[in-house]
Amino acid sequence: MRPYLFAIPLLFATAAAPAPDPVLDKVVAGSRAVGPASIAFERTVRATSQEKDAAAVTQVRSDRWDGQQLTLLTVNGKPAAAAELADYRKATAGKPVPGYHRLADFLKAGASRLPDAQGRLVYRITGLPKGSINVGKDISGDLVADAVVDNSGSVPYVSRLRVFLPKPLSFFMVAKLDAFEVVNEYRLGPGGRPALARSIQTLTGAQFGKAGTTRTEIAYSILR
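This report concerns the structure included in the present document. (Residues numbered from 1 in each chain as written. Predicted model: local features only at pLDDT ≥ 70, side-chain atom pairs only at ≥ 80, totals over all residues. Heavy atoms only, no water.)

Let's shift gears to the environment of G192. Here G192 lies in the loop between β10 (175-188) and β11 (194-207). Residue G192 is classed as partly exposed on the basis of its relative accessible area of 48%. With 37 residues separating them along the chain, G192 and V155 place their C-alpha atoms 9.7 Å apart. (Helix = DSSP H or I, 4+ residues; strand = E, 2+ residues; numbered from the N terminus. Buried < 20%, exposed > 50% of the residue type's maximum accessible area, 1.4 Å probe, protein only.)

This part is about the environment of I133. Its location among the elements puts I133 in the loop between β6 (121-126) and β7 (144-150). Taking the C-alpha atoms as reference points, I133 and L143, 10 residues apart in sequence, are found 9.0 Å from one another.

Next up on the list: the nonpolar core. Core analysis: the largest hydrophobic core is formed by 42 residues, its most contacted members being L107, I133, V158, L177 and F180. Apart from residues no more than four positions distant in its own chain, F180 is found in contact with I133, V135, I139, L143, V163, F164, L165, T202 and L203. (Core = buried A, V, L, I, M, F, W, Y, C linked by side-chain atoms within 4.5 Å. Contact = heavy atoms within 4.5 Å.)

Tallied over the entire structure, the rule returns 11 salt bridges. R64 serves as the salt-bridge partner of E42, at 2.7 Å between the closest nitrogen and oxygen. Here the residue E42 occupies a position in strand β1 (residues 41-51), and R64 occupies one in strand β2 (residues 57-65), the gap between them amounting to 22 residues. (Salt bridge = Lys/Arg side-chain N within 4 Å of Asp/Glu carboxyl O.)

Two strands pair when backbone bridges link them, and β2 and strand β3 (residues 70-75) are joined in this way by 5 bridges, in the antiparallel orientation. Across the sheet, residue R61 finds its bridge partner in β3, namely V75. Hairpin geometry of β2 and β3 is characterised by an intervening segment of 4 residues between the two adjacent antiparallel strands and by a positive phi of about 100 degrees at G67. The hairpin turn running from β3 into strand β4 (residues 78-79), its antiparallel successor, is 2 residues long, and N76 in that turn takes a positive phi close to 55 degrees. (Pairing = 2+ DSSP bridges.)

So, on to helix α1 (residues 22-32). The periodicity of an α-helix, 3.6 residues per turn, causes residues three or four positions apart to be oriented the same way. Three or more residues of α1 are buried, namely V23, L24, V27, V28 and S31. Angular distribution of buried residues about the axis of α1 spans 135 degrees; they occupy a single face of the element. The outward face of α1, more than 90 degrees from its buried face, is lined by the exposed residues P22 and R32. Tucked into the core, α1 has its buried residues touching α3 (102-108), β5 (112-114), β6, β7 and β8 (157-164). In this structure D21 caps α1, since a side-chain oxygen of it lies 3.2 Å from the backbone nitrogen of V23. (Arc of directions from axis to C-beta. Polar contact = N/O pair within 3.5 Å; in protein donor to acceptor, adjacent residues only side chain to side chain.)

What follows covers a nonpolar patch on the surface. Taken together, the side chains of F172, M173, V174 and F208 make up a nonpolar region of the molecular surface, amounting to roughly 530 Å² of accessible area. Residue position: M173 is located in the loop between β9 (169-171) and β10. Since its relative accessible area comes to 87%, M173 is described here as exposed. (Patch = residues over 30% accessible without salt bridge, like charges linked within 9 Å, V, L, I, M, F, W, Y side chains within 5 Å. Areas by Shrake-Rupley, 256 points an atom, 1.4 Å probe, with all protein chains shown as cover.)

Moving on: the packing of aromatic side chains. By the definition in use, this model includes 3 aromatic pairs. Summarising the aromatic geometry, the rings of F41 and Y220 are spaced 5.2 Å apart at their centres and angled 75 degrees between planes, so their arrangement reads as edge-to-face. Pair noted here: F41 is in strand β1 and Y220 is in strand β12 (residues 210-222), with a separation of 179 residues, a long-range link. Owing to a relative accessible area of 5%, F41 belongs among the buried residues under this scheme. Residue classification places Y220 among the buried residues on the basis of a relative accessible area of 7%. (Phe/Tyr/Trp six-rings, centres within 6.5 Å; stacked < 30°, edge-to-face > 60°.)

In structure tokens form, the structure reads like this:
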């Protein structure tokens, strides 16, 4: 089980056009308004992996997005070494930049309102766009997501997004994903713009007969 870079810092066509949904339209528009070039953040990623009957292994790293590129800063409290920088650049090349802006892609192709016992406004997304989440295999289309909307202010925004695997998934004949979940929390940042603040990702599965679990906690410090 690889201990890090399940980061993240997210649809099927319907036969008939969906009914107009002004709240959903506002959420999508708000997401599009905070594109990657307009944001900056630093984040701390703490990833703990544990194989069955083995000691847990934890790695802590920090990096920064300045609106143009991601830069690895530290690994386990020390400045990143040349080899670590090279691995990081390779691992992040071509990957989406995490942030609130990604919700537009998740929601724009269609999301259905989900009845909620707590009276919250929740949108369900069945199948994420290709390339959203890769764990050695792109599993985006197999995932389901629930977006909780905070509609208490003048402009609605997603305050919480839960992405999960509804049933176990086998691939490559040598690997099985028993459970996968990502919970993103968003808050209003500078200028009242929503921003990704925290993410917790958990993965349980097996590869080549070795079972294990990875838990990744990511804390974001909003710079812009």
